[in-house]
Amino acid sequence: MAEKPVCSQPRSAAEWRSEKPLSRARAGDLALLMGPDRRWQIVRLEPGQSVHTHRGVLAHDDLIGRPWGSQVASHTGQPFLLLTPSLHDLILRLRRTTQIVYPKEAGYILLKMNIGPGSRVVEAGSGSGALTAVLAHAVRPDGRVYSYEVRPEMQQLARRNLERLGLADVVEFKIRDIAEGFDEVNVDALFLDLPNPWDYLEQAHAALVNGGYLGSLLPTANQVTRLLEALESPRWGLVEVEEILLRPYKAVSARFRPEDRMVAHTGFLIFARALLIEESTG
Ligand code: SAH
């Protein structure tokens, strides 16, 4: 008797598709709608609502229940893609009144400062909450982000942004001038995104665990040299300054090349480790 072949007839794409359970958009989900010209917007799906785009109107009721990754037409017949937004997309569309930490820096900051599930992280200031969102997403479910901000109206915006993204549960917001110091001790990492980080190194050192990670983002070289001067102390080590350049490309096979424009500068990243200098016992 002939043995049964291990692999029978290859399945068609349609057969694969018919067995795959589809993931669908539900009421309350955030959805990214991309038009034919690659312009996109993010909406929260709510029954009875509609979204007005540059290429026509889409009713939320036509989107709710539809599979992610499918195409849907606006009332003028223009095709839109229905996709889940990534944290990257959400950060770029955050409501903001400050400069924010952009995704190209934020992702690297996480790896560089070893921030992951369970980490306890301090940041100042909260600003619009862009970095707060990335930190919160990374430390979940058991970690904690302590976000300090001197201006109450700023922190209100950051808090609302985090609530909209469903990430506020791991964040403790505190309104304070960090010159007064931090409540936490032995935190794993501490990030200073404000114009004069050199003024708060003592407070940062007191909050960090011995050997912990300090990070900062500064737009000008003048600020970087000032911070470097302040970090030239036995209490800090492994000081590094880095800059991240991101060059986007036209993702079209027939004319694959860099985009004409790129963002030339956002900021310099400065990293250091908090050292434990034993007091001399004589
Ligand atoms: N990382 C934020 C942007 C921070 S903007 C984001 O990604 O959205 C810098 C913020 O630091 C401002 O909101 C400012 O009010 C705050 N700030 C400046 N000095 C401060 C201080 N001494 N204590 C607390 N917050 C401060």
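Throughout, residues of each chain are indexed from 1 in the direction in which the sequence is written. Side-chain atom pairs in this predicted model are given and counted only at pLDDT of 80 or more, local residue features only at pLDDT of at least 70, and totals for whole chains, interfaces and linings cover all residues. No hydrogens and no water enter the side-chain calculation; it runs on all heavy atoms of the structure.

Draft legend 1. Spotlight on the site of the ligand. Close contacts around the ligand come from 21 residues, with Val 101, Glu 149, Asp 177, Asp 193 and Tyr 200 the closest. Taking Val 150, its main chain carries an N or O atom lying 3.2 Å from a nitrogen atom of the ligand. For the accessible areas, the method is Shrake-Rupley and the probe is 1.4 Å, while residue cover comes only from the protein chains on display. For the ligand, the protein covers 90% of the area, taking 580 Å² as the surface of the free molecule. In these notes, residues near a molecule or strand are those with any non-hydrogen atom within 4 Å of it. Polar contact is defined as a pair of N or O atoms within 3.5 Å, subject to the rule that within protein one atom must be able to donate a hydrogen and the other to accept it, and that residues adjacent in sequence are counted only when both atoms are side-chain atoms.

Draft legend 2. A look at the environment of Ala 179. Position of Ala 179 among the secondary structure elements: in the loop between strand S9 (171-175) and strand S10 (187-192). The rule is simple: take the accessible area with a 1.4 Å probe, protein chains only, and divide by the maximum for that residue type; under 20% is buried, over 50% is exposed, in between is partly exposed. Residue class for Ala 179 comes out partly exposed when judged on its relative accessible area of 43%. Taking C-alpha positions, Ala 179 is 9.3 Å from Glu 202, a pair spaced 23 residues apart along the chain. Should any heavy atoms of two residues lie within 4.5 Å, those residues are considered in contact. Here Ala 179 is in contact with Tyr 200 and Gln 203, once residues within four sequence places are set aside. A run of DSSP states H or I qualifies as a helix once it reaches four residues; a run of E qualifies as a strand once it reaches two. Both are numbered from the N-terminal end.

Draft legend 3. View of helix H4 (residues 103-112). Residues Pro 103, Lys 104, Glu 105, Ala 106, Ile 109 and Leu 110 constitute the buried set of H4. Where H4 is buried, its residues touch helix H3 (87-92), helix H5 (130-139), S10, strand S11 (208-218) and strand S15 (268-274). Positioned one or two residues after H4, Asn 114 has a phi angle of 55°, which is positive.

Draft legend 4. Structural view of the pairing of strand S7 (residues 120-124). S7 sits mainly inside the fold: four of its five residues count as buried. Taken together, S7, H5 and strand S8 (residues 144-149) constitute a β-α-β crossover, and its handedness is right-handed. Strand pairing is assigned whenever DSSP identifies at least 2 bridges connecting the two strands. Direction of pairing for S7 relative to S10: parallel, over a ladder of four bridges. Across the sheet, Val 121 pairs through a bridge with Ala 189, a residue of S10. Handedness of a crossover is defined as follows: with both strands directed away from the viewer, a clockwise route from the first strand across the helix to the second makes it right-handed.

Draft legend 5. Geometry of the domain arrangement of the protein chain. The domain architecture assigned to the protein chain consists of domain 1 (15-83) and domain 2 (88-274). Each domain's limits were defined by an automated method or a database of domain assignments. Placing a centre on the C-alpha atoms of domain 1 and another on those of domain 2 gives a separation of 33 Å. Taken residue by residue, the interface counts six residues in domain 1 and six residues in domain 2. Buried surface area refers to the total accessible area, computed with a probe of radius 1.4 Å, that the two partners give up upon joining, counted for both partners together. The largest per-residue losses of area from domain 1 upon contact with domain 2 belong to Leu 30, Trp 40 and Ile 42, which jointly make up 73% of the total buried on that side. Summed over the shared surface of domain 1 and domain 2, the result is two residue pairs in polar contact (both at pLDDT 80 or more). Mapped onto the side of domain 1 that touches domain 2, the elements with two or more residues apiece are strand S1 (30-34) and strand S2 (40-44). Class assignment of the residues belonging to the side of domain 1 that touches domain 2 gives a composition of four nonpolar, one polar and one charged. Residues are grouped as follows: Ala, Val, Leu, Ile, Met, Phe, Trp, Tyr, Cys and Pro are nonpolar; Asp, Glu, Lys and Arg are charged; every other residue, Gly included, is polar.

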